[in-house]
Amino acid sequence: PVQLVESGGGSVQAGGSLRPSCAASGYSGGTYCMGWFRQALGKERDGVAALDSTGTTTYADFVEGRFTIDLDNANSTLYLQMTSLKPEDTATYYCAAVLGLVDIEWAVSTGGAYGMDYWGKGTLVNISS
C-alpha cells in the first residue's frame, strides 16, 4: 500500500523558512497527484499546493508566491519549500496522494476532502511572531 511520512516541520519566527518533506513508499507506477494540506487548531483543513504527474502544479491563493511544491522522483519524496512564513501559516501540514489524475485545483480548493486517498500523519509547523 502507499504510505506517506512527513517530516521537517518545526518552530521558526515569522519571515523564516521551512522545507517539510514527504517520503512515499508503495508506489508501483502510473499517474498520480500529490499535495500538501494544512489544518490549524479549530479550523478546517485547507489545501496548500498540489502537483500531478503531467507536470501541473497549483497553489492556494494564500501562498502568495511564498511556497514551492516539488517532487523528487528519484527518492520518491515530495517537498514544500516555504519562505516568508507568517504566524497564520501555523498548522499541521499533511501530505496526501491519489493514484490516477484528479483536478488538483479542485483538490486544493476543497482541502483534499474528495481528491486524495492516501494521507500522512502530518508534521507540525509553528510560526511565532
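Residues numbered from 1 in each chain as written. Predicted model: local features only at pLDDT ≥ 70, side-chain atom pairs only at ≥ 80, totals over all residues. Heavy atoms only, no water.

## Considerations on the overall build of the protein
Within the protein, the secondary structure is distributed over one helix and eleven strands. In sequence order, the protein lays out its α and β elements as β-β-β-β-β-β-β-β-β-α-β-β. Relative to the compact-globule value of 14 Å for 129 residues, the protein shows a C-alpha radius of gyration of 13 Å, a close match. Projected onto its principal axes, the C-alpha positions of the protein cover 45 × 25 × 25 Å. Taken over 129 residues, the protein has a buried fraction of 43%. Surface exposure of the protein reaches about 6,600 Å², of which carbon and sulfur atoms provide 47%. In the protein, 7 side chains carry a positive charge and 13 a negative one; their mean positions are 8 Å apart. (Helix = DSSP H or I, 4+ residues; strand = E, 2+ residues; numbered from the N terminus. Rg over C-alpha atoms; globule rule 2.2 N^0.38 Å. Buried < 20%, exposed > 50% of the residue type's maximum accessible area, 1.4 Å probe, protein only. Areas by Shrake-Rupley, 256 points an atom, 1.4 Å probe, with all protein chains shown as cover. Lys, Arg positive; Asp, Glu negative; His and termini not counted. Charge placed at Lys NZ, Arg CZ, Asp CG, Glu CD.)

## Details of the packing of aromatic side chains
Scanning the entire structure with this criterion turns up three aromatic pairs. Pairing Tyr-27 with Tyr-32 gives two aromatic rings, centres 5.6 Å apart and planes at 80°, and the pair type is edge-to-face. Using a relative accessible area of 41% as the deciding quantity, one classes Tyr-27 as partly exposed. Ring centres of Tyr-94 and Trp-119 lie 6.5 Å apart, and the angle between their planes is 75°; this geometry places the pair in the edge-to-face category. In this pair, Tyr-94 is assigned in strand β9 (residues 91-99) and Trp-119 in strand β10 (residues 118-119), connecting sequence segments 25 residues apart. An aromatic cluster is built from Phe-37, Tyr-94 and Trp-119, whose rings are joined through pairwise contacts. Of note, Arg-19 hangs over the ring of Tyr-79, and the distance from its end group to the ring centre comes to 4.0 Å. (Phe/Tyr/Trp six-rings, centres within 6.5 Å; stacked < 30°, edge-to-face > 60°. Lys NZ or Arg CZ within 6 Å of the ring centre and 35° of its normal.)

## Considering the sheet that holds strand β8 (residues 77-82)
A sheet is described by the order of its strands in space; here four strands give the open sequence β1-β3-β8-β7, paired in antiparallel fashion. For this open sheet the edge positions go to β1 (3-7) and β7 (67-72), each flanked by a neighbour on one side alone. Strand-to-strand twist in this sheet, taken as the mean axis angle between neighbours without regard to direction, amounts to 15°. Pairing of β1 with strand β3 (residues 21-25) involves five bridges; the strand directions are antiparallel. (Pairing = 2+ DSSP bridges. Axes fitted to C-alpha atoms, helices over the stretch in contact; angles between N-to-C directions.)

Spatial relationships are all this shows, so hold off on functional conclusions.
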